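Read off the chains here:
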Amino acid sequence: MSSSKIPHIKSVETRYLQERESLFRGLGSLDRRSFLKVSTGAAAAAVAAGVSYPFQSFLPINVAYAGEGGGTRPGFNFAYISDSHLYVKKTNERFVRQLLRAVDDVNSLDPQPDFVLYGGDLAQLGRREELDLGAQILKSLKAPVRMMAGEHDWFLDMGHRWNELFGPESYSFDHKGVHFVVLMSVHEKDFWTARNMTPAQRMHTVAGLDNAVQSAFEVGAPQREWLKKDLEKIPASTPLIVFSHSPLYKLYRPWNFWTDDAEEVQAVLKRFDHVTVLHGHTHQVLTNRIGNIQFHGMLSTAWPWPYAPQGLPALTVQMNRPNPFDANDGLGDGTVGVHPDGLVDKLYNLWNRNPLQVKASYLSTSGQQDTPTAPTLASY
Ligand SMILES: [Fe+2]
Ligand SMILES: [Fe+2]
């Protein structure tokens with residue numbers, strides 16, 4: 001065999017670097033066609049670099065619900081992606097790849113969800129470049145996107161760029177008989193003016209979560225008034241689904257897994273027959289019920305938080321401690337099946353484990369029925 005017939009073999013590192021180059025070239029001028037190219041490249045690059053398991057394809061919604069008894073079938077579905085914490089790409093490209101993976105997951109759902117909720121913390125330090133990069137990637141979703149703000153998006157310029165890109169941070173809409181409300185639950189009382197902080201210092205303080213300097217998150221009085229007004233003409237029998245970045249209850253204050261005026265917001269929601277709250281921020285499988293309100297946390301695409309040492313709701317079936325040596329363990333995205341009464345079945349699409357479904361009936365019966373199957377992987 002002559003040497004000219006020997007195929008040129010690129011090393012893993014060379015292929016990885018070339019694919020990374022093309023990923024970021026594509027991101028610079030992102031349209032749908034180049035996205036498909038670069039996101040496939042991202043998958044290949046991640047596998048080539050040994051940083052990811054081969055992509056587990058997302059369960060089609062119909063398969064996820066097939067064969068499970070108990071109650072009605074969901075009337076419609078929406079998907080969620082949350083807490084991507086994008087840095088500028090030269091600082092951290094792993095989080096970019098992980099958001100692209102979630103976009104691929106959702107785009108491969110069949111049937112497509114009615115919309116995609118983005119759960120907040122798109123950026124890490126609220127920079128224009130981070131938010132713009134995230135907005136560009138999310139444009140590649142086939143289904144319409146509903147945005148929610150997180151504290152990492154907000155405290156550099158107090159939401160200025162976020163509002164320019166995505167519109168108002170609190171809003172409501174109606175969809176197939178359900179009233180949806182999106183809240184900005186991570187406002188803070190001014191801790192920065194008296195301390196003469198720069199915007200960057202303010203942002204870093206909030207991003208630190210467990211420090212004594214910042215205030216607790218809150219929806220705040222003006223927005224609670226707005227919420228009351230928004231709900232005024234809605235009958236109590238109308239299904240209500242609320243999106244908030246922080247959990248709308250008090251879980252663990254030292255980590256700001258907490259909304260300071262949670263009880264006041266719950267009081268506004270109390271007269272409705274069925275209320276579901278979906279939140280980001282906690283980066284883990286998290287389930288709670290308080291009175292008529294069912295709460296579900298969303299997974300992050302960036303990193304999983306450990307469970308709080310105190311205050312974990314009794315109805316939470318834990319996802320186990322993720323493997324610290326596997327950058328994708330404990331991460332994921334998911335879908336939400338909305339029943340005609342507005343209560344939801346929540347599917348956690350964990351990238352490295354079996355999907356975990358938390359059904360409305362599990363919460364309605366206070367854990368007596370349809371207990372979710374806990375992940376079988378060992379805890380680390
Ligand atoms: Fe987050
Ligand atoms: Fe957050």
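Everything discussed here concerns the structure shown above.
Structural notes, computed from the coordinates.

The rules behind these values
Residues numbered from 1 in each chain as written. Chains lettered and ligands numbered in written order. Predicted model: local features only at pLDDT ≥ 70, side-chain atom pairs only at ≥ 80, totals over all residues. Heavy atoms only, no water. Helix = DSSP H or I, 4+ residues; strand = E, 2+ residues; numbered from the N terminus. Buried < 20%, exposed > 50% of the residue type's maximum accessible area, 1.4 Å probe, protein only. Phe/Tyr/Trp six-rings, centres within 6.5 Å; stacked < 30°, edge-to-face > 60°. Lys NZ or Arg CZ within 6 Å of the ring centre and 35° of its normal. Pairing = 2+ DSSP bridges. Axes fitted to C-alpha atoms, helices over the stretch in contact; angles between N-to-C directions. Contact = heavy atoms within 4.5 Å. Donors = N, O, S within 2.8 Å, 3.2 Å for Na, K, Ca; no water. Tetrahedral: all angles 85-135°; square planar, octahedral: opposite > 155°, others 65-115°. Right-handed = clockwise from strand over helix to strand, strands pointing away. Salt bridge = Lys/Arg side-chain N within 4 Å of Asp/Glu carboxyl O.

Looking at the environment of Val96
No. 1: With respect to the helices and strands, the residue Val96 is situated in helix 4 (residues 94-107).
No. 2: When its relative accessible area of 0% is taken as the criterion, Val96 is described as buried.

Considering the packing of aromatic side chains
The description of two aromatic rings rests on the distance between their centres and on the angle between their planes.
No. 1: Under the defined criterion, the tally for this structure stands at 19 aromatic pairs.
No. 2: Between Phe78 and Phe115, the aromatic rings sit 4.8 Å apart at their centres with planes inclined by 5°, giving stacked as the arrangement. On the criterion of sequence distance, the pair formed by Phe78 in strand 1 (residues 76-81) and Phe115 in the loop between helix 4 and strand 2 (116-118) is long-range, its members being 37 residues apart. By the burial criterion, Phe78 is buried, and Phe115 matches it.
No. 3: Both rings, one in Tyr87 and one in Phe95, keep their centres 6.1 Å apart while their planes meet at 35°; by these two values the pair is tilted.
No. 4: Connected via pairs of aromatic rings, a cluster forms that spans Phe76, Phe78, Phe115, Tyr171, Phe173, Phe180 and Phe243.
No. 5: Stacked on the ring of Phe173, the Lys or Arg Arg146 has its end atom at 3.7 Å from the ring centre.
No. 6: The ring of Trp192 carries the charged tip of Arg202 above its face, separated from the ring centre by 5.2 Å.

Focus: the sheet that holds strand 9 (residues 293-297)
No. 1: Overall, mixed pairing links the 6 strands, which are arranged 4-5-6-7-9-8 in an open sheet. Unpaired on one side and paired on the other, strand 4 (171-175) and strand 8 (287-290) mark the two borders of the sheet. Averaged over all neighbouring strand pairs, the angle between strand axes comes to 20°, with direction disregarded.
No. 2: Where strand 6 (residues 240-244) lies against strand 7 (residues 275-279), 5 bridges are found, and the strand directions are parallel. Residue pairing in the sheet places Ser244 in a bridge with His279 of strand 7.
No. 3: Its contacts with the sheet put helix 9 (residues 221-231) on strand 4, strand 5 (178-182) and strand 6, and the angle it makes with strand 5 is roughly 165°.
No. 4: Where helix 10 (residues 262-269) meets the sheet, it contacts strand 6, strand 7, strand 8 and strand 9, and its direction lies at approximately 125° from that of strand 9.

Quick notes on the coordination of the iron ion (ligand 1)
No. 1: Listed as protein donors to the iron ion (ligand 1) are Asp83 (OD), His85 (NE2), Asp121 (OD) and His283 (NE2); their distances from the metal cover 2.0 to 2.3 Å.
No. 2: The coordination sphere of the iron ion (ligand 1) comprises 4 donor atoms, whose angles at the metal cover 87 to 172°; the geometry is irregular.
No. 3: Taken in sequence order, the residues that donate to the iron ion (ligand 1) follow the motif D-x1-H-x35-D-x161-H.
No. 4: Separating the iron ion (ligand 1) and the iron ion (ligand 2) is a distance of 3.5 Å, and Asp121 donates to both of them. Residues Asp83 and His85 agree in their burial class; the two are buried.

Some remarks on the pairing of strand 1
No. 1: Among the 6 residues in strand 1, 6 count as buried, and that is most of the element.
No. 2: Burial of strand 1 is two-sided: the residues Phe76, Phe78 and Tyr80 facing one way and the residues Asn77, Ala79 and Ile81 facing the other way are all buried.
No. 3: Two elements, strand 1 and strand 10 (residues 332-338), share 5 bridges in a ladder whose sense is antiparallel. Counted as the bridge partner of Ala79 is Thr335 from strand 10.
No. 4: Two strands pair when backbone bridges link them, and strand 1 and strand 2 are joined in this way by 3 bridges, in the parallel orientation. When the bridges of strand 2 are listed, Ile81 appears paired with Tyr118.
No. 5: Read as a crossover between parallel neighbours, the route from strand 1 over helix 4 to strand 2 is right-handed.

Concerning the pattern of salt bridges
No. 1: Evaluation of the coordinates by the stated rule reveals 12 salt bridges.
No. 2: Notably, a salt bridge pairs Asp132 with Arg161, separated by 3.0 Å at the nearest N-O pair. In this pair, Asp132 is assigned in helix 5 (residues 128-138) and Arg161 in helix 7 (residues 160-166), connecting sequence segments 29 residues apart.
No. 3: Accessibility expressed as a relative area gives 25% for Asp132, which makes it partly exposed.

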